[in-house]
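Summary of the model geometry
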Amino acid sequence: MAKILQSYQDTFHWVSNNQKQIGKDIYDVRMQDYKSLPDIDNPQIMIVVSSPDGKKEIQKLLNQWNKKPIIDYWFFA
């Protein structure tokens with residue numbers, strides 16, 4: 001997906017809660033802390049998580065940030 005977005009010269013962000021990943025570059029895009037998400041205007045958030053508990057935790061946080069399913073984010077497993 002990252003390569004496709006880059007081929008269209010689209011801007012995207014990587015975010016994670018894993019401190020070991022933050023600050024690393026993947027496809028020349030720097031991984032940021034997930035707490036930076038509320039600062040991004042009109043995000044289209046693609047979430048890849050396999051843990052049902054992780055999904056619930058992320059969904060709760062997105063709700064606190066007033067992000068709406070389908071409008072602002074999608075879950076993928």
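Report on the accompanying structure. (Residues numbered from 1 in each chain as written. Predicted model: local features only at pLDDT ≥ 70, side-chain atom pairs only at ≥ 80, totals over all residues. Heavy atoms only, no water.)

**Looking at the overall build of the protein**
On a plain count of helices and strands, the protein comes out with two helices and five strands. The linear arrangement of helices and strands in the protein, starting from the amino end, is α-β-β-β-β-α-β. Relative to the 2.2 N^0.38 estimate, which gives 11 Å for 77 residues, the radius of gyration of the protein is 13 Å and therefore close to what a compact globule would have. Oriented by its inertia axes, the alpha-carbon framework of the protein measures out at about 30 × 30 × 25 Å. Taking all 77 residues of the protein together, the buried fraction comes to 22%. Pairs at least 24 residues apart make up 36% of the contacts formed inside the protein by residues separated by at least 6 positions. Accessible surface computed for the protein: about 6200 Å², of which carbon and sulfur atoms make up 51%. Charge separation in the protein, taken as the distance between the mean sites of 10 positive and 9 negative side-chain charges, equals 6 Å. (Helix = DSSP H or I, 4+ residues; strand = E, 2+ residues; numbered from the N terminus. Rg over C-alpha atoms; globule rule 2.2 N^0.38 Å. Buried < 20%, exposed > 50% of the residue type's maximum accessible area, 1.4 Å probe, protein only. Contact = heavy atoms within 4.5 Å. Areas by Shrake-Rupley, 256 points an atom, 1.4 Å probe, with all protein chains shown as cover. Lys, Arg positive; Asp, Glu negative; His and termini not counted. Charge placed at Lys NZ, Arg CZ, Asp CG, Glu CD.)

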